[in-house]
Amino acid sequence: MVHKIIEWSIHNRFIVLVLAIGIFVWGIFAVKKNPIDAIPDLSENQVIVFTEWMGRSPQLIEDQITYPLVTNLQGIPKIKYVRGSSMFGMSFIYVIFEDDVDVYWARERVMERISTISKALPEGAAPQLGPDGTGVGHVLWYTLDAPEVDLGEQRAIQDWYVKFALQNVQGVSEIASFGGFQKQYQIALDPNKLLYYKLTVPQVIAAVRSNNNEAGGRKFEMSDIGYIIKTSGYLKSVEEIASIPIKNQNGTPIRVSDIGTVQMTGETRLGIFDQDGEGERVGGIVVMRYGENAAEVIDKVKAKMAEVAKGLPKGVKFDIVYDRGELIKESIDSIKHTLIEEMIVVSLVVIIFLFHWRSAVSIIIQIPITIAASFILLNAFGISSNIMSLTGIALAIGVIVDNGIIMSENAYKHLSERYAEVMGKQGSEK
């Protein structure tokens, strides 16, 4: 079989040359299209289900949320196993699928199952899917350098301006905020006053909730003009919350201010983010979408950050604390230099070993064509250009030229034997 292929190639040199050029050109386009990353993505094919039920203990979260979700999610097809984790006020479910399952197909199956389970969970507990990223999807971390702005204002800038702007970047799955204080209204109730006015906490919650609603009316016409009636009931200040009536006692309304205090404060924190020991910072984590090109996503995020920085308050700027783009660039450059050095060394060794430039060229030309063809296969199997894949190509350069050297040496041997045979015949004839 191999002999026939070689024989056909010798008799059809033009076709072989055209095929080689075509593979080389195709490989160049494959190199440009191949996603670039520093490290290979070896994470499991998983879907994360996150449920928040604040104020509850881990044991209650385990019994009321984690256990029901884990037992119901186990019936999904093509699942390896389901892991559950419970903590204060939060539940995490990790649904691990088979490696050949499409990640978005898996998310759809999980979402379908969640829609049937949600009715059995406690009120206020709403499961939701995590970002469609992987364990190595954190490609960029940044903080807001704002020494003159308090942490609450910094977190508001991050959550209501920066986050929404960066989430629109193509290839970004989520911008996860961290640090600072999340502003909220808090009502501190006095138990003695609740007892005195014969009120319960659910009554207070119901009164606040019912007074923080928009209400629609109807349309009516007067003097050939149409009017739409609506009421604006959203609470906008501490004073409005404090004046909410809860109960009418002997013609006197009992307001929130009568049974407690209302204040603007930060949400209870379970940790802080400190940068370089210089104090707390507010920032975000850029989570890359599954299967995206890490280098392109990072470049697009940086370009978007340059636009967003123009709208930041005076004295506020971005400070990038982790940038995988630098690691990607250094890693790829290192491998590229190694590939070029190996190609030069192997070429010199071949030329010195054979001492015949035509044979050496026929062997050396295999290196760029083979490397270009390898990127076609990388794209076909969905493998990115990273340290592992490029190192494998670098290690294979020596093997690439081995067959050419062997074939050339074998050809020289047969030619020399044939030459000696012909010269012997000519000598005997004389």
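Computed from a prediction, not measured in an experiment: that's the story for all the values here.

**Student:** Lay out the overall build of the chain in plain terms, naming residues and giving numbers.
**Tutor:** Helix and strand counts for the chain stand at 15 helices and 14 strands. The C-alpha radius of gyration of the chain comes to 34 Å, more than 25% above the 22 Å expected for a compact globule of 430 residues. In terms of principal-axis extent, the alpha carbons of the chain reach across some 140 × 60 × 55 Å. For the chain, the proportion of its 430 residues judged to be buried stands at 33%. Considering only contacts within the chain whose residues lie at least 6 apart along the sequence, 71% involve residues at least 24 apart. Put simply, the chain shows about 26900 Å² of open surface, and 59% of that area lies on carbon and sulfur atoms. Taking the average location of the 41 positive side-chain charges in the chain and that of its 49 negative ones, the two points are 5 Å from each other.

**Student:** Run through the pairing of strand β5 (residues 138–145), naming residues and quoting values.
**Tutor:** Along any regular strand, the residues point their side chains to alternate faces of the sheet. Pairing between β5 and strand β13 (residues 283–288): five bridges, direction antiparallel. For Leu 140, the partnering residue across the bridge sits in β13 and is Val 286. Here β5 pairs with strand β14 (residues 317–323) via six bridges, running antiparallel. By the bridge assignment, Thr 143 is partnered in β14 with Asp 319.

**Student:** Describe in detail the UniProt feature "transmembrane region" (unreviewed entry) in the chain, supporting the description with residues and values.
**Tutor:** Here, UniProt's "transmembrane region" (unreviewed entry) annotation points to residues 12–31, 339–356, 363–381 and 387–406. Counting secondary structure, residues 12–31 comes out at 95% helix and 0% strand; the distance between its end C-alpha atoms is 29 Å. Helix makes up 89% of residues 363–381 and strand 0%, with an end-to-end C-alpha separation of 28 Å.

The rules behind each value
Residues numbered from 1 in each chain as written. Predicted model: local features only at pLDDT ≥ 70, side-chain atom pairs only at ≥ 80, totals over all residues. Heavy atoms only, no water. Helix = DSSP H or I, 4+ residues; strand = E, 2+ residues; numbered from the N terminus. Rg over C-alpha atoms; globule rule 2.2 N^0.38 Å. Buried < 20%, exposed > 50% of the residue type's maximum accessible area, 1.4 Å probe, protein only. Contact = heavy atoms within 4.5 Å. Areas by Shrake-Rupley, 256 points an atom, 1.4 Å probe, with all protein chains shown as cover. Lys, Arg positive; Asp, Glu negative; His and termini not counted. Charge placed at Lys NZ, Arg CZ, Asp CG, Glu CD. Pairing = 2+ DSSP bridges. UniProt positions renumbered as here; feature names shortened; annotations may be inferred.

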